[in-house]
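Each chain is listed here by its residues.
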Amino acid sequence: QVRLMEFGGGSVQAGGSLRLSCQASGSAGTINGMGWYRRTPGKQRELVATITFGGITTFAESVEGRFAVSRINANNTVILQMNNLKLEDTGVYYCAVDIWVDGYEDWGQGPQVTVFS
(Lines give C-alpha, C1' and ligand atoms only; values in the text may rest on other atoms or scores of the structure.)
Protein backbone atom coordinates (compact mmCIF):
# COMPACT_ATOMS: atom_id res chain seq x y z
CA GLN A 1 0.00 0.00 0.00
CA VAL A 2 1.08 3.54 -0.62
CA ARG A 3 2.38 5.33 2.45
CA LEU A 4 2.19 9.08 2.89
CA MET A 5 4.60 10.92 5.12
CA GLU A 6 3.53 14.46 5.90
CA PHE A 7 5.69 17.28 7.17
CA GLY A 8 4.79 20.72 8.39
CA GLY A 9 1.81 22.13 10.16
CA GLY A 10 1.85 24.31 13.19
CA SER A 11 0.58 27.63 14.44
CA VAL A 12 1.11 30.93 12.64
CA GLN A 13 -0.22 34.45 12.90
CA ALA A 14 -2.70 35.65 10.31
CA GLY A 15 -0.89 37.00 7.30
CA GLY A 16 2.01 34.64 7.78
CA SER A 17 3.16 31.67 5.75
CA LEU A 18 3.51 27.95 6.25
CA ARG A 19 4.69 25.08 4.08
CA LEU A 20 3.46 21.51 4.02
CA SER A 21 5.07 18.59 2.25
CA CYS A 22 4.03 15.01 1.64
CA GLN A 23 6.18 12.18 0.36
CA ALA A 24 4.58 9.06 -1.09
CA SER A 25 6.21 5.65 -1.13
CA GLY A 26 5.20 2.10 -1.96
CA SER A 27 2.73 2.97 -4.70
CA ALA A 28 1.83 0.10 -7.02
CA GLY A 29 1.70 2.44 -9.96
CA THR A 30 2.50 5.92 -11.14
CA ILE A 31 0.72 8.52 -9.03
CA ASN A 32 -1.46 10.63 -11.28
CA GLY A 33 -2.38 13.29 -8.78
CA MET A 34 -1.16 14.53 -5.44
CA GLY A 35 -2.51 17.29 -3.32
CA TRP A 36 -4.11 18.50 -0.17
CA TYR A 37 -7.59 18.50 1.26
CA ARG A 38 -8.61 19.99 4.56
CA ARG A 39 -11.20 19.62 7.27
CA THR A 40 -12.18 22.91 8.87
CA PRO A 41 -14.71 23.41 11.68
CA GLY A 42 -18.27 23.08 10.45
CA LYS A 43 -17.32 21.71 7.04
CA GLN A 44 -16.66 18.36 5.44
CA ARG A 45 -13.31 17.59 3.90
CA GLU A 46 -12.74 19.88 0.94
CA LEU A 47 -10.17 20.29 -1.79
CA VAL A 48 -7.41 22.80 -1.17
CA ALA A 49 -5.01 22.22 -4.04
CA THR A 50 -3.98 19.37 -6.30
CA ILE A 51 -1.43 18.84 -9.04
CA THR A 52 -1.32 16.11 -11.66
CA PHE A 53 1.68 14.21 -12.96
CA GLY A 54 1.68 16.60 -15.91
CA GLY A 55 1.64 19.70 -13.73
CA ILE A 56 -2.00 20.72 -14.02
CA THR A 57 -3.12 22.43 -10.82
CA THR A 58 -6.47 22.95 -9.17
CA PHE A 59 -7.17 25.32 -6.30
CA ALA A 60 -10.10 26.08 -4.09
CA GLU A 61 -11.38 29.56 -4.81
CA SER A 62 -10.78 30.51 -1.20
CA VAL A 63 -7.03 29.89 -1.49
CA GLU A 64 -6.33 30.79 -5.11
CA GLY A 65 -3.71 33.48 -5.30
CA ARG A 66 -2.45 32.74 -1.81
CA PHE A 67 -1.41 29.08 -2.00
CA ALA A 68 0.90 27.33 -4.44
CA VAL A 69 1.31 23.62 -5.08
CA SER A 70 4.16 21.77 -6.76
CA ARG A 71 5.69 18.31 -7.07
CA ILE A 72 9.34 17.39 -6.66
CA ASN A 73 11.52 14.31 -6.23
CA ALA A 74 10.35 12.49 -9.34
CA ASN A 75 6.76 13.50 -8.63
CA ASN A 76 6.64 11.53 -5.39
CA THR A 77 6.47 14.60 -3.17
CA VAL A 78 3.89 17.36 -3.14
CA ILE A 79 4.55 20.77 -1.64
CA LEU A 80 1.89 23.19 -0.47
CA GLN A 81 3.12 26.72 0.11
CA MET A 82 0.55 28.70 2.06
CA ASN A 83 0.90 32.47 2.09
CA ASN A 84 -1.18 35.25 3.60
CA LEU A 85 -2.90 32.78 5.89
CA LYS A 86 -6.32 33.67 7.24
CA LEU A 87 -8.16 32.58 10.35
CA GLU A 88 -10.53 30.48 8.25
CA ASP A 89 -7.59 28.43 6.97
CA THR A 90 -7.38 26.76 10.36
CA GLY A 91 -7.98 23.03 10.17
CA VAL A 92 -6.52 19.61 9.56
CA TYR A 93 -4.78 19.25 6.22
CA TYR A 94 -4.71 15.84 4.57
CA CYS A 95 -2.27 14.74 1.92
CA ALA A 96 -4.07 12.82 -0.81
CA VAL A 97 -3.07 10.82 -3.86
CA ASP A 98 -4.82 9.59 -6.98
CA ILE A 99 -2.97 6.57 -8.34
CA TRP A 100 -5.37 5.07 -10.87
CA VAL A 101 -6.96 8.26 -12.18
CA ASP A 102 -10.12 7.32 -10.32
CA GLY A 103 -10.18 9.98 -7.65
CA TYR A 104 -8.31 10.78 -4.48
CA GLU A 105 -8.80 7.73 -2.30
CA ASP A 106 -5.61 7.50 -0.23
CA TRP A 107 -5.13 9.89 2.64
CA GLY A 108 -2.47 10.95 5.08
CA GLN A 109 -3.01 11.36 8.79
CA GLY A 110 -3.39 15.11 8.54
CA PRO A 111 -1.24 17.70 10.29
CA GLN A 112 -2.96 20.54 12.10
CA VAL A 113 -2.70 24.10 10.85
CA THR A 114 -3.76 26.84 13.23
CA VAL A 115 -3.96 30.50 12.28
CA PHE A 116 -4.41 33.07 15.03
CA SER A 117 -4.99 36.81 15.06
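Residues numbered from 1 in each chain as written. Predicted model: local features only at pLDDT ≥ 70, side-chain atom pairs only at ≥ 80, totals over all residues. Heavy atoms only, no water.

A. The arrangement of the nonpolar core in detail. With 27 residues, the main nonpolar core has W36, V48, F67, V78, L80, M82 and Y93 as its most contacted residues. When residues no more than four places from it in sequence are discounted, the contact partners of Y93 are E6, L20, W36, Y37, R38, V48, F67, L80, M82, G110, P111 and V113. (Core = buried A, V, L, I, M, F, W, Y, C linked by side-chain atoms within 4.5 Å. Buried < 20%, exposed > 50% of the residue type's maximum accessible area, 1.4 Å probe, protein only. Contact = heavy atoms within 4.5 Å.)

B. Broad picture of the side chain of R71. Mapped onto the elements, R71 comes out in strand β7 (residues 67-72). Within the buried core, R71 has no salt-bridge partner, and the shortest N-O distance to an opposite charge, that of D98, equals 8.6 Å. Looking at R71, its side chain comes within polar contact range of the main-chain oxygen of I51, at 3.3 Å. Within the structure, R71 has its side chain in polar contact with the backbone oxygen of N75 (distance 2.6 Å). Once you skip the residues sitting within four places of it in the chain, R71 turns out to touch I31, N32, G33, M34, I51, T52, F53, T77 and V78. (Helix = DSSP H or I, 4+ residues; strand = E, 2+ residues; numbered from the N terminus. Lys, Arg positive; Asp, Glu negative; His and termini not counted. Salt bridge = Lys/Arg side-chain N within 4 Å of Asp/Glu carboxyl O. Polar contact = N/O pair within 3.5 Å; in protein donor to acceptor, adjacent residues only side chain to side chain.)

C. Representation of the sheet that holds β7 within the structure. In spatial order, the strands read β1-β3-β8-β7; together these four strands make up an open sheet with antiparallel pairing. A strand with exactly one partner marks an edge of an open sheet, and here the two such strands are β1 (3-7) and β7. Across this sheet, the average inter-strand angle for adjacent strands is 15°, counted without regard to direction. In this sheet, strand β8 (residues 77-82) lies alongside strand β3 (residues 18-25) in antiparallel orientation, the contact comprising six bridges. The residue of β8 that forms the bridge with R19 is Q81. (Pairing = 2+ DSSP bridges. Axes fitted to C-alpha atoms, helices over the stretch in contact; angles between N-to-C directions.)

Read these as layout, nothing more, since geometry by itself doesn't imply function.
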